[in-house]
Amino acid sequence: MTASKTTPRRDLRDPPGGAVSPFHITGLDAEQILDSRGRPTLAVTLTLAAGASGWAAVPSGASTGTREAVELRDGEAGRYDGGGVTRAIASVTGPLAELATARPWPDLAALDEAMIELDGTSSKARLGGNALVGVSMAAARALAAERGRPLWAFLAPPEAAPRLPVPHFNVVNGGAHAPNELDFQEFMIAPIGAPSMAEAVRAGAEIYARLRRRLAADGQPTGLGDEGGFAPGYTHPRQVLTALVAAITDAGYTPGRDGVAIALDPAASQFHHDGRYHLAGQALSSTEMIELYAQLATEFPIWSIEDGLAEDDTDGWRQLTQRLGERLQLVGDDNFVTNPAIIEHAIAAGIGNAALIKVNQVGTVTETLQAMQVCRKHGYAQMVSHRSGETVDDFIADLVVGTGCGQIKSGAPARGERVAKYNRLTHIAARRPDLPYGLPN
Ligand code: PGA
Ligand code: ZN
């Protein structure tokens, strides 16, 4: 037996900011950088007295929930179309830096709570959710570095079992993420049956390559949407699903939960107007949408549907959960916004059976971990997620491993800002072959 196997794994038990000495922040800085869509966002650097530092870059969504933490943007018409983030940067270098350096912090949660209190709004609108989340993520990285632990181990709650997640590769883009006619936003492939992280990544890349050929052979454009998936000229989801199953088979994999399954994020709030779902030229009721999903899930190996109905269609969501909750994973994104209180309420109301987890949607790492804890407590599944506007920051790869929730979506297996997360997972998997891969039991 090797030494490494007999050494206790302190890093799996020690919670974020657990029983360790308080930390002192000596430096906090931020600059405006560009995200993957060429829009401004901010990068934050936080330095600790002991010398360690942490860096984080803030992602940004396009199909956002109405109750998300507010992204503070300048609104200055002549600069970046009003999208500059110099005000958020001023929050970091001004009030947040003053707060952070004023006293020692017992743990990350205390820093996050103090930032929330200083902001003083329920939506983080005053200092900016983008400012707070950048500081929170950079602090987590600095603390992990100071303690000599990988970020995923630092983020691991004491009761969670770290594991490598099933990647959900978004291979066809529509909705707000592509200039095509598809109403559904995301068509993902999920190698649930893969034996390892490496084989899951391989399946994603091979199927993506086969899909490109299929689309080209069908006379479709093979240009990409915002998350690196193809943006074909199809109009009905059925056409995409048919191409996906063909690509999975072409690449030598088995469509379905034993092999490679399909997950959808229709992002239905985006095509819900005047009480109707405007899909492929039709205007459907909630009940008709639910029946469409039931039909599609019978015809195709769909295992998960996120935001199948609009965020304010609460009755529809309840009906959807009753009708399909036994058969399918039903993920709340726009309606849950990674908010622990909202998720708790939704669970009590029988809405969905899984939550999407986006750090910038709620605005601090601590609240994100709380939202994940609520899900664990109630047996809700969870999927950690990137945003459509991304950077090379791979924070979410560590978050998904440490919390052991077993699912991530980070776009296509292509484009630097998307593969940064998958490549980080590959690195963790290579370093820790003892971590299990796949959905939790
Ligand atoms: P967004 O989309 O990052 O543009 O909000 C992602 C999603 O809806 O899951
Ligand atoms: Zn979504």
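These numbers were taken from a predicted model, which means no experiment stands behind them.

Student: Quick rundown of the packing of aromatic side chains? Include the residues and the values.
Tutor: Under the definition given, this model contains 7 aromatic pairs. Relative to F230, the ring of Y208 lies with its centre 4.6 Å away and its plane at 20°, an arrangement referred to as stacked. On the criterion of sequence distance, the pair formed by Y208 in helix α7 (residues 197–217) and F230 in the loop between α7 and α8 (237–250) is long-range, its members being 22 residues apart. Taken as a pair, Y208 and F230 share a single burial class, namely buried.

Student: Lay out the coordination of the zinc ion (ligand 2) with the relevant residues and their values.
Tutor: Perfect tetrahedral coordination of a metal by four donors corresponds to 109.5 degrees between them, and perfect octahedral coordination by six donors corresponds to 90 or 180 degrees. Taken together, the protein donors to the zinc ion (ligand 2) comprise D265 (OD), E306 (OE) and D333 (OD), at separations of 2.0 to 2.2 Å. If you list the donors of the zinc ion (ligand 2) from N- to C-terminus, the spacing comes out as D-x40-E-x26-D. Highlighted residues: D265 in strand β6 (residues 261–265) and D333 in the loop between β11 (329–332) and α11 (340–348), separated in sequence by 68 residues. Each member of the pair, D265 as well as D333, is classed as buried.

Student: Could you give me a rundown of the site of ligand 1, with the residues and numbers involved?
Tutor: Around ligand 1 sit 14 residues, and of these A62, H177, R387, S388 and K409 come closest. A distance of 2.6 Å separates an oxygen atom of ligand 1 from a polar atom in the backbone of A62. The separation between an oxygen atom of ligand 1 and a polar side-chain atom of D333 is 3.0 Å. In isolation ligand 1 exposes 280 Å². Once the protein is present, 100% of that is buried.

Student: Residues and numbers for helix α10 (residues 314–324), please.
Tutor: Among all positions of α10, only G316, W317, L320, T321 and L324 are buried. Along the long axis of α10, the arc covered by the buried residues comes to 135°, so they all point the same way. Of the exposed residues in α10, the ones pointing more than 90 degrees away from its buried face are D315 and Q322. For α10, the secondary structure elements touched by its buried residues are α9 (286–299) and β11.

Student: Please provide a residue-by-residue account of unusual backbone geometry, values included.
Tutor: Look at A267: it is not a glycine, yet its phi comes out positive at around 50°. Here A267 lies in the loop between β6 and β7 (272–273). Positive phi, close to 40°, is recorded for D307, a residue that is not glycine. With respect to the element layout, D307 can be found in the loop between β10 (302–306) and α10. Among the residues examined, D307 registers a relative accessible area of 1% and is labelled buried.

Student: Which residues make up the sheet that holds strand β3 (residues 53–57), and what values do they have?
Tutor: Taken together, the 3 strands give an open sheet; going across it, the order is β1-β2-β3, and neighbouring strands pair in antiparallel fashion. The two strands at the open ends of the sheet, each matched to only one other strand, are β1 (25–34) and β3. The average angle at which neighbouring strand axes cross in this sheet is 15°, direction not considered. Of the strand pairs in this sheet, β1 and strand β2 (residues 40–48) are connected by 9 bridges, and their pairing is antiparallel. For G27, the partnering residue across the bridge sits in β2 and is T47. Sheet strands in contact with helix α3 (residues 86–102) are β1 and β2, and its direction is about 170° off that of β1.

Student: Help me get a handle on the confidence of the model for the protein chain, residues and values and all.
Tutor: Summarising the model, the protein chain shows a mean pLDDT of 95, and 95% of its residues fall at 70 or more. Across residues 1–14 the pLDDT falls below 50, and counting only partners more than four positions away or on other chains, this stretch makes 21 contacts in the model.

Student: Explain the environment of A125 to me, and be specific about the residues and the numbers.
Tutor: Mapped onto the secondary structure, A125 falls in the loop between α4 (108–119) and α5 (129–146). Residue classification places A125 among the partly exposed residues on the basis of a relative accessible area of 30%. A C-alpha to C-alpha distance of 39 Å links A125 and V240, two positions 115 residues apart in sequence. Ignoring anything within four residues of it in the chain, the contact list for A125 reads V70, L72 and D119.

Student: Mind laying out the packing of α11 against helix α13 (residues 365–378), listing which residues take part and the relevant values?
Tutor: Relative orientation of the contacting elements α11 and α13 amounts to 20°, with a least axis distance of 8 Å. Classed by the angle they form, the pair α11 and α13 counts as roughly parallel. By crossing handedness, the relation of α11 to α13 is classed as right-handed. Counting all contacts with α11, which are made through P340, I343, E344 and I347, the residues of α13 involved are E367, Q370, A371, V374, C375, K377 and H378.

Student: Describe the packing of α13 against helix α14 (residues 395–403), naming the residues involved and giving the relevant values.
Tutor: The N-to-C vectors of α13 and α14 enclose an angle of 35°; their axes lie 12 Å apart at closest approach. The crossing of α13 and α14 is right-handed. From α13, V365, T368, L369, M372 and R376 reach across to α14, where they touch F395, L399 and T403. Classifying every residue of the contact of α13 with α14 by side-chain character gives 5 nonpolar, 2 polar and 1 charged.

Student: Please set out the environment of I207 residue by residue, giving values where relevant.
Tutor: The topology assignment puts I207 in helix α7. Taking the relative accessible area as the measure of exposure, I207 reaches 1% and is therefore buried. Sequence separation between I207 and G252 is 45 residues; the distance between their C-alpha atoms is 8.7 Å.

Basis of the calculations
- Residues numbered from 1 in each chain as written.
- Chains lettered and ligands numbered in written order.
- Predicted model: local features only at pLDDT ≥ 70, side-chain atom pairs only at ≥ 80, totals over all residues.
- Heavy atoms only, no water.
- Phe/Tyr/Trp six-rings, centres within 6.5 Å; stacked < 30°, edge-to-face > 60°.
- Helix = DSSP H or I, 4+ residues; strand = E, 2+ residues; numbered from the N terminus.
- Buried < 20%, exposed > 50% of the residue type's maximum accessible area, 1.4 Å probe, protein only.
- Donors = N, O, S within 2.8 Å, 3.2 Å for Na, K, Ca; no water.
- Near = heavy atom within 4 Å.
- Polar contact = N/O pair within 3.5 Å; in protein donor to acceptor, adjacent residues only side chain to side chain.
- Areas by Shrake-Rupley, 256 points an atom, 1.4 Å probe, with all protein chains shown as cover.
- Arc of directions from axis to C-beta.
- Contact = heavy atoms within 4.5 Å.
- Pairing = 2+ DSSP bridges.
- Axes fitted to C-alpha atoms, helices over the stretch in contact; angles between N-to-C directions.
- pLDDT = per-residue confidence, 0-100.
- Parallel < 35°, antiparallel > 145°, perpendicular 65-115°, else oblique.
- Left-handed = near helix turned anticlockwise from the far one by under 90°.
- Nonpolar A, V, L, I, M, F, W, Y, C, P; charged D, E, K, R; others polar.

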